[in-house]
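# Chain and residue survey
The lines below spell out each chain.
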Amino acid sequence: MSVPKKMASSAIAFMLAISFALVGCTSNNNNNSNSGGGSEATNELGLIEEGKLICGSDCDYPPFIWLDESGKPVGFEVELMEAIAHDMGLELVYLEPQNFDSLPTVVAGGGKMDLAVSSMTITDVRLETINFCIPYYDSNQAVVTLVDSPYTSIDDLAELTVGAQAGTTGYDWAVENLPNATIKTFNQTSEGMAALRAGEIEALFFDEPVAIEHVSTGYTDCQVMQVIPTGEQYGFAVSKDNPALEAAVNESLQRLIDNGTYAEIFSRYFDFEPTIK
């Protein structure tokens, strides 16, 4: 099992490279020039604010996104979105942290965020209300328990109380596969981890890379009991009413994949090769 790198040093380096000037999770180091050859920042992209790419996230999913000590967002998704925005000649703006389960509805309605960038798995159910840009990460589910837990398989959890973040595929998997279990939901994964430590739940279901990051850093009294090979893919969520923005983001993301920028950013957060190529 590959383990995400500890991100203290890279987060500091990254924060020195960008500045944040708006309320909440914002980044605005770009000069609105299209140095990467991507789509120009015009109203043709259907942006909420011309020249700005406004993103929403729960900001609580390391190593993809989390808030540093100053309350600013850092992580793989933040740095990747910074590169995409720069390529498009746009200023990147992150809203204040949002509840994850509200993101599809908010981005579908328009008017608040151009993209939801929050380790969101592309699913048929979500595609009924929103569109997704091309995938940027392959993932699986994981089950986290306490290190001294007596449970060794998912079957042991069949009639117990378990947890998952509301609106996630981890919650969906638990509902479908543990019909006799009691499933508690949390707004953030960190809340679920606190509940696990407090004995309120026996296990927590969420994405494998985030589970590995948690148990190898701040929650060393916990363990990944089992990985569930679900073959999920993350995508940036965009309104169905804005195909121009979807196409422009796809163009920039694919260019970053092709020219090696994506892999370079990936290597700062994970010590295994990206499967997106």
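Cut-offs applied
Position numbers for residues start from 1 in each chain and track the written sequence from start to end. Totals for whole chains, interfaces and linings use every residue, but because this is a predicted model, local features are given only for residues with pLDDT of at least 70 and side-chain atom pairs only at 80 or more, for both listing and counting. Values shown for side chains rest on all heavy atoms present in the structure; no hydrogens or waters enter the calculation. A run of H or I in DSSP counts as a helix once it spans at least four residues, and a run of E counts as a strand once it spans at least two, with each numbered from the N terminus. Three exposure classes are used, based on accessible area relative to the maximum for each residue type with a 1.4 Å probe and protein chains only: buried under 20%, partly exposed in between, and exposed over 50%. We call two residues in contact when some of their heavy atoms are within 4.5 Å. Only the protein chains shown count as cover for residues, and the accessible areas themselves come from Shrake-Rupley with a 1.4 Å probe. Among buried residues, those of type Ala, Val, Leu, Ile, Met, Phe, Trp, Tyr and Cys that are joined through side-chain atoms within 4.5 Å constitute a nonpolar core. All the domain ranges listed were derived from an automatic or database domain assignment. The score called pLDDT rates the predictor's confidence residue by residue, from a low of 0 to a high of 100. The definition of a polar contact used here is a pair of N or O atoms within 3.5 Å, where within protein one atom must be able to donate a hydrogen and the other to accept one, and adjacent residues in sequence count solely through side-chain atom pairs. Residue count minus one, scaled by 1.5 Å, sets the expected span of a helix. Paired strands are those between which DSSP finds at least two bridges. All axes here are fitted lines through C-alpha atoms, helices being fitted over the stretch that makes contact, and every angle between N-to-C directions spans 0 to 180 degrees.

Looking only at helices and strands, the chain features 8 helices and 13 strands. Residues classed as buried in the chain amount to 53% of the 277 residues present. Of all intrachain contacts in the chain linking residues separated by at least 6 positions in sequence, the fraction that spans at least 24 positions is 73%. When the accessible surface of the chain is summed, it comes to about 11400 Å², and 49% of that surface belongs to carbon and sulfur atoms.

Now for the nonpolar core. One finds Phe76, Leu80, Met81, Leu115 and Phe236 to be the most contacted residues of the largest nonpolar core, which totals 57 residues. Broken down by element, the residue count for this core peaks at 8 residues, all from helix 2 (residues 76-88). Looking at which domains feed residues into this core, each of domain 1 (45-136 + 235-267) and domain 2 (139-232) supplies at least three. Aside from chain neighbours lying at most four places away, what touches Phe76 is Pro63, Phe64, Tyr136, Tyr137, Tyr262, Ile265, Phe266, Tyr269 and Phe270. Counting residues in each nonpolar core, the second largest holds 14 residues, with Val143, Val162, Ala174 and Ile228 among its members.

Let us look at the confidence of the model for the chain. The pLDDT averaged across the chain works out to 89; a share of 85% of its residues lies at or above 70. Within the model, pLDDT remains below 50 along residues 1-24, and this stretch shows 65 contacts once partners closer than five positions in the same chain are excluded. With pLDDT under 50 throughout, residues 26-41 is counted as low confidence; its partners more than four residues away or in other chains account for 62 contacts.

In this section: the environment of Asp68. Inspection of the secondary structure puts Asp68 in the loop between strand 3 (65-67) and strand 4 (73-74). Of note is the side chain of Asp68, whose polar atom sits 2.8 Å from the side chain of Ser70.

Before going further, it helps to examine helix 7 (residues 243-258). With 16 residues, helix 7 should cover 22 Å at 1.5 Å per step; its first-to-last C-alpha distance of 22 Å lies within 8% of that length. Lining the buried residues of helix 7 we find strand 1 (52-56), helix 2, strand 6 (115-116), strand 7 (130-132), strand 13 (237-239) and helix 8 (261-267).

Here the focus is the sheet that holds strand 4. As summarised here, the arrangement of the 3 strands in space is 2-3-4, forming an open sheet in which the pairing is antiparallel. Sheet topology places strand 2 (60-61) and strand 4 at the edges, where each strand pairs with a single neighbour. Alignment of strand 2 against strand 3, held across 2 bridges, turns out to be antiparallel. When the sheet's bridge partners are listed, Asp60 is paired in strand 3 with Trp66.

Before going further, it helps to examine the sheet that holds strand 7. An order of 5-1-6-13-7 is seen for the 5 strands of this open sheet, with the pairing classed as mixed. Pairing within the sheet leaves two strands with one partner each, and these edge strands are strand 5 (91-94) and strand 7. By the bridge criterion, 2 bridges tie strand 1 to strand 6 in an arrangement that is parallel. Considered in strand 6, the bridge of Gly56 is made with Ala116. Each of strand 1, strand 5 and strand 6 touches helix 2; the most contacted strand, strand 5, lies at about 145° to it.

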